[in-house]
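Chains, contacts and geometry: an overview
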Amino acid sequence: MTSGKATIGGSDRFEQPVFSAVIRPHRSLSPQGFRIVIVLVCLVSLVASLPFVIMGFWPVAGFFGLDFLGLYIAFRISYRQGEAFELLELTPIRLLFRKVSPRGEMKDWQFNPLWTRLDREIDAEYGMQHLLLTSRNEHVEIARDLSPPERETLAEALGRALADVKRGH
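Residues numbered from 1 in each chain as written. Predicted model: local features only at pLDDT ≥ 70, side-chain atom pairs only at ≥ 80, totals over all residues. Heavy atoms only, no water.

Turning our attention to the sheet that holds strand β5 (residues 116-123). Read across the sheet, 3 strands follow the order β5-β6-β7 without closing on themselves; strand pairing throughout is antiparallel. The open sheet has two edge strands with one neighbour each: β5 and β7 (138-142). With strand direction ignored, the average angle separating the axes of adjacent strands in the sheet is 30 degrees. Examined bridge by bridge, β5 and strand β6 (residues 127-135) share 8 bridges and lie antiparallel to one another. Counted as the bridge partner of T116 is S135 from β6. The strands that helix α3 (residues 148-167) touches are β5, β6 and β7; relative to β6, the one it contacts most, it runs at about 30 degrees. (Pairing = 2+ DSSP bridges. Helix = DSSP H or I, 4+ residues; strand = E, 2+ residues; numbered from the N terminus. Axes fitted to C-alpha atoms, helices over the stretch in contact; angles between N-to-C directions. Contact = heavy atoms within 4.5 Å.)

Dropping the structure here:
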């Protein structure tokens, strides 16, 4: 006796992803690099404020500290925003687009792949600026965090996968 769900004619194959991609915002500074930058900025602020403290202009040191604090907060906000991501998953019977915010809030869009197309907005000078999933009267922009060349690569791969699904492969 086996447990699990029964399948007729291999219906599980309709649930297997044909294409899957996770799109995350790019962060050029690693956590270790962040620590190094913060330590260096802190040291520079201390060294630069020391002569002012010695001359009796101690409030200037506070302004150096505010600069350091502002930079630290900006980096922390940037890394927090970097926790957001987009998920694209194409199966023979559906196209799922899930957008997850930095707070973990999810918003899903599901499309029938047979009725879905990719719309591209291309600027002659800057490349692909927008990539949209369009189905009936619904338009959803995807891959906002990718550069134009990366967006083009994603569009080509997803376009091929959509065409394969439409042909029944």
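Resuming the write-up.
The next subject is the side chain of D119. Residue placement: D119 occurs in strand β5. A polar contact of 3.0 Å, which involves the side chain of D119, links it to the side chain of R117. Looking at D119, its side chain comes within polar contact range of the side chain of T134, at 2.7 Å. In this view, D119 contacts H130, L131, L132, T134 and H139; residues no more than four positions away in its chain are not counted. (Polar contact = N/O pair within 3.5 Å; in protein donor to acceptor, adjacent residues only side chain to side chain.)

Relative to β7, β6 runs antiparallel, the two sharing 5 bridges. Counterpart to L132 in the pairing with β7 is E141. The antiparallel hairpin formed by β6 and β7 contains 2 residues in its connecting segment, where R136 sits at a positive phi of about 55 degrees.

Keep in mind these numbers describe shape, not what the thing actually does.
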